Each structure stands twice: as structure tokens, then as C-alpha cells.
Amino acid sequence: MKFRTITNILWLLKNHRQIKNWKKRNFSPPSPEFLKHQIIQNNNIEESAWIETGTYYGDTTKILSRISSKVISIEADQDLYELAKKTFSNLENIELMFGRSEDKLSEAFKKIKTYKNICIYLDAHLCNDHIKNKKTFGEEKDATPIKKELKFIEEQKDNFNKINILIDDIRLFNNKFQNYPKKDYLVNWCKENDFDWEIEQDIFICKRMK
Ligand SMILES: C[S@@+](CC[C@H](N)C(=O)[O-])C[C@H]1O[C@@H](n2cnc3c(N)ncnc32)[C@H](O)[C@@H]1O
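The notes below deal with the structure included here. (Residues numbered from 1 in each chain as written. Predicted model: local features only at pLDDT ≥ 70, side-chain atom pairs only at ≥ 80, totals over all residues. Heavy atoms only, no water.)

1. With respect to the overall build of the chain
Here is step 1: Secondary structure assignment for the chain yields 7 helices and 9 strands.
Here is step 2: In terms of overall dimensions, the chain is globule-like: its C-alpha atoms have a radius of gyration of 17 Å, near the 17 Å expected for 210 residues.
Here is step 3: The C-alpha extent of the chain, read off along each of the three principal axes, is 55 × 40 × 35 Å.
Here is step 4: When burial is assessed residue by residue, the chain has 46% of its 210 residues classed as buried.
Here is step 5: Summing over all exposed atoms, the chain offers an accessible surface of approximately 12200 Å²; the carbon and sulfur share of this is 50%.
Here is step 6: Averaging the positions of the 37 positive and the 32 negative side-chain charges in the chain gives two centres separated by 4 Å. (Helix = DSSP H or I, 4+ residues; strand = E, 2+ residues; numbered from the N terminus. Rg over C-alpha atoms; globule rule 2.2 N^0.38 Å. Buried < 20%, exposed > 50% of the residue type's maximum accessible area, 1.4 Å probe, protein only. Areas by Shrake-Rupley, 256 points an atom, 1.4 Å probe, with all protein chains shown as cover. Lys, Arg positive; Asp, Glu negative; His and termini not counted. Charge placed at Lys NZ, Arg CZ, Asp CG, Glu CD.)

2. Examining the packing of helix α6 (residues 146-156) against helix α7 (residues 183-192)
Packed helices, taken two at a time, are described by the angle their axes make and the gap between the axes.
Here is step 1: Relative orientation of the contacting elements α6 and α7 amounts to 5°, with a least axis distance of 12 Å. The orientation of α6 with respect to α7, classified from their angle, is roughly parallel. Between α6, through Ile146, Lys147, Leu150, Ile153 and Glu154, and α7, the contact on the second element is made entirely by Tyr185, Leu186 and Trp189.
Here is step 2: Per-class residue counts for the contact of α6 with α7 are 6 nonpolar, no polar and 2 charged. (Axes fitted to C-alpha atoms, helices over the stretch in contact; angles between N-to-C directions. Parallel < 35°, antiparallel > 145°, perpendicular 65-115°, else oblique. Contact = heavy atoms within 4.5 Å. Nonpolar A, V, L, I, M, F, W, Y, C, P; charged D, E, K, R; others polar.)

3. With respect to the pairing of strand β7 (residues 162-168)
Here is step 1: Within β7, 6 of the 7 residues are buried, which leaves the element mostly enclosed by the surrounding structure.
Here is step 2: Sheet topology places strand β4 (residues 117-122) next to β7; 6 bridges connect them, and they run parallel. Looking across to β7, one finds that Cys119 is bridged to Asn164.
Here is step 3: Judged from the 7 bridges that link them, β7 and strand β9 (residues 203-209) form a sheet pairing that is antiparallel. Looking across to β9, one finds that Ile163 is bridged to Arg208. (Pairing = 2+ DSSP bridges.)

4. Examining a nonpolar patch on the surface
Here is step 1: On the surface, Ile6, Ile9, Leu10 and Leu13 cluster together to form a nonpolar patch covering roughly 380 Å² of accessible area.
Here is step 2: Within the secondary structure, Ile6 sits in helix α1 (residues 3-24). (Patch = residues over 30% accessible without salt bridge, like charges linked within 9 Å, V, L, I, M, F, W, Y side chains within 5 Å. Salt bridge = Lys/Arg side-chain N within 4 Å of Asp/Glu carboxyl O.)

5. A look at the nonpolar core
Here is step 1: Of all hydrophobic cores here, the largest spans 32 residues; its most connected members are Ile51, Phe109, Ile120, Ile165 and Ile167.
Here is step 2: For this core, the elements supplying multiple residues, two or more each, are β1 (48-53), β2 (71-75), α5 (101-111), β4, α6, β7, α7 and β9.
Here is step 3: When neighbours within four sequence positions are excluded, Ile165 is seen to be in contact with Ile120, Leu122, Ile153, Trp189, Phe195, Phe204, Ile205 and Cys206.
Here is step 4: Grouped together as the second largest cluster of nonpolar side chains are 16 residues, Trp50, Val71, Phe88 and Leu96 included. (Core = buried A, V, L, I, M, F, W, Y, C linked by side-chain atoms within 4.5 Å.)

6. Observations concerning the site of the ligand
Here is step 1: Lys36, Gly54, Thr60, Glu75 and Asp123 are the nearest of the 24 residues found near the ligand.
Here is step 2: In this structure, Glu52 approaches the ligand through a side-chain N or O atom, which is 2.9 Å from a nitrogen atom.
Here is step 3: With the chains in place, 95% of the 610 Å² that the ligand exposes on its own is no longer accessible.
Here is step 4: Among the secondary structure elements, those contributing two or more residues to the shell around the ligand are β2 and α5.
Here is step 5: Of the residues belonging to the shell around the ligand, the class tally is 10 nonpolar, 7 polar and 7 charged. (Near = heavy atom within 4 Å. Polar contact = N/O pair within 3.5 Å; in protein donor to acceptor, adjacent residues only side chain to side chain.)

7. Overview of helix α4 (residues 78-87)
Here is step 1: Within α4, burial applies to Leu80, Tyr81 and Ala84. Viewed along the axis of α4, the buried residues span an arc of 100°, placing them on a single side of the element.
Here is step 2: Packing partners of the buried residues in α4 comprise β2, β3 (94-98) and β5 (128-129).
Here is step 3: One side-chain oxygen at the N-terminal end of α4 lies 3.1 Å from the backbone nitrogen of Asp79; it belongs to Asp77. (Arc of directions from axis to C-beta.)

This is the structure we're talking about:
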């Protein structure tokens, strides 16, 4: 059997459960992790630093560390942060920060100021910890810090040549769930700040080039 065929079979075995569950949900969002990770990789900018908000168990952080020389991930839940510290103790290109993204983004941006290009994955929000089966950091009324995160990025955008921002869980942006604004809010923010935008699966993607 050819090497490629074996690789494909291994890939199917690894992702079989995710695909099966997705099919059961009639392929509705959220899409499986492997697809989300592929979209993230496809939207990487060469020689860019990555900032992720919401480390959680670090699954995306790990993927980012393979495509970028510098990854900063911010987590507000202390237990998850401590766990990620241990998990990534041997990966020098990952820097973890403890705190709320809206408070820590300023410090994070200072750490990557030598980079001309930046990619940002905004995924900090209240969610259910699937292992401990309890809520992670946050409260319903301010479950997502997205507006504050975007406000901060707006002030920093001119310091970079290229910026890609990936905002996860776009299905929740309907002004009816927790404090998520409508999709219009993101579209208007892009227009006002000279970003192009598109949606891939459950991710809203904003792109800007100087
Ligand atoms: C959906 S999970 C992140 C998943 C992760 N990015 C991944 O792709 O595997 C959301 C995480 O954001 C964290 N969180 C919630 N509010 C936050 C905030 N204001 N700042 C930073 N992290 C926050 C939660 O504790 C949780 O771990």
C-alpha cells in the first residue's frame, strides 16, 4: 500500500468520530476541530505572530505553534492557564498569559512589536468545559469580550502591514444569545477599519493590508 493511502486511512481513523457526529447534526455548525484548524492554517500570514484569546486546553495553540515562530495565548481561567503552562513548558515559541483578554491584549501586542504581520484568533468566551462538565471563566451578561477586543485592535491596526483576524462561533452573533452582537456589528467594524471580510464555516475572517 502506498504511503499516501496509509496516511489517508490514518487521518480518517483519527477524525472518524468528529465526522460521524457532524453528520448526525446534518453538518450544521460548529464544524469539527480538524476543519477549524485547517481554516486557521489556510489563513496564516507568512512570518506573522499569532495571538489567540481563550487558550482552553490548548488544542489550537498547539496547531499555531507549528505555523508561527511566536504564539501568545491568553486565558482567564486559572486552572486552564496552569494546565497549559505545564502542557507547553517545552515549546519555546508559545507564551501563555493569564487574565482577561480585554486587559491583556495591550501587553500581548507589546511582546510582538517586532513583527510586521499579525494573525489574531478571537475565541475567548464563556463556554462549557467538556472535561470537567462545568462553566469556564465568564458570566452570561459579558460572556464575550469581542467588542472590547476589536476596539483595542482598531487602535493598533496601523502598526502592522498585514492583519488577519479570525473570529470563531459566528453562528452565535445574532444579538439574542448572551452579549453577542449581531453579525452586522462585525461587518460594520470591518468597513470602518478598512478590512475585507468573509465567512468560512463558523469563522468570521477579517483581512487588512496596508
Ligand atoms: C471556546 S474556549 C477556547 C478554545 C480554544 N481557543 C481552542 O481553539 O481550543 C473559550 C475559552 O475562553 C476563556 N475565556 C472566557 N472569557 C475570557 C476572557 N475574557 N479572556 C480570556 N479568556 C477567556 C474560557 O475560560 C475558555 O477557556
